[in-house]
Amino acid sequence: MDLHHETIQLVTTTQGLPDADGIPTTVETPGNPYGGYNVQPVGTTESLGGLNVITGRWRVSGPLLTAAKAGDSILWRGTTYPIEGEPQHYMSGALDHTELIIKRQEG
């Protein structure tokens, strides 16, 4: 069984023109789909302080994707997940790849 069978799509986030209040708008631009990725759960946490907030996190690993950066998102299986922290790009020559963490909060 192939472990790297998932398809993801990088959603690049940039700042657009200011709105009526002078605050820059956020522009999210979906890129092309990329195949050959592995997506595995890292864990979940639950916060009960005032509101029930459940946070799920997944590790995405696959072909080198240097365009991915902190502040961008990943579209996976129909849901958009923010990238948590800075993606790690390994460029040693033999096993070039990118690893990053995506997350989703509900509640």
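Reference entry: report on the structure contained in this document.

About the cut-offs
Residues numbered from 1 in each chain as written. Predicted model: local features only at pLDDT ≥ 70, side-chain atom pairs only at ≥ 80, totals over all residues. Heavy atoms only, no water. Pairing = 2+ DSSP bridges. Helix = DSSP H or I, 4+ residues; strand = E, 2+ residues; numbered from the N terminus. Axes fitted to C-alpha atoms, helices over the stretch in contact; angles between N-to-C directions. Phe/Tyr/Trp six-rings, centres within 6.5 Å; stacked < 30°, edge-to-face > 60°. Buried < 20%, exposed > 50% of the residue type's maximum accessible area, 1.4 Å probe, protein only. Contact = heavy atoms within 4.5 Å.

## Overview of the pairing of strand 5 (residues 79–90)
Each regular strand carries side chains that alternate between the two faces of the sheet.
Thought 1: Summarising the sheet, strand 4 (residues 73–76) and strand 5 pair through four bridges and their orientation is antiparallel. If you follow L75 over to strand 5, its bridge partner there is T80.
Thought 2: Counting the residues between successive antiparallel strands, the hairpin from strand 4 to strand 5 contains two residues, one of them, R77, with a positive phi of roughly 50°.
Thought 3: Note that strand 5 and strand 6 (residues 97–106) share five bridges and pair antiparallel. Bridge pairing in strand 6 links Q88 to E99.
Thought 4: Hairpin connection of strand 5 to strand 6: six residues between the antiparallel strands, including G93 at a positive phi of 110°.

## Quick look at the sheet that holds strand 4
Thought 1: The six strands lie next to each other as 1-2-3-6-5-4, forming a closed barrel whose pairing is antiparallel. For this sheet, the mean inter-axis angle between neighbouring strands, taken without regard to orientation, is 45°.
Thought 2: Looking at chain direction, strand 1 (residues 6–18) and strand 2 (residues 24–47) are connected through nine bridges and run antiparallel. Note on strand 2: the bridge partner recorded for I8 is Y34.

## Some details on the packing of aromatic side chains
Thought 1: Counted under the stated rule, the structure contains three aromatic pairs.
Thought 2: Consider the rings of W76 and Y81, whose centres lie 5.9 Å apart with planes at 50°: the pair is tilted.
Thought 3: Residue W76 is classed as buried on the basis of its relative accessible area of 8%.
Thought 4: Overall, the relative accessible area of 7% leaves Y81 in the buried class.
Thought 5: A network of ring pairs unites the aromatic residues W58, W76 and Y81 as a single cluster.

## Some points on the environment of A68
Thought 1: Take A68: it is sitting in the loop between strand 3 (53–62) and strand 4.
Thought 2: In contact with A68, not counting residues within four places along its chain, are L10, I83, P87, H89 and L100.

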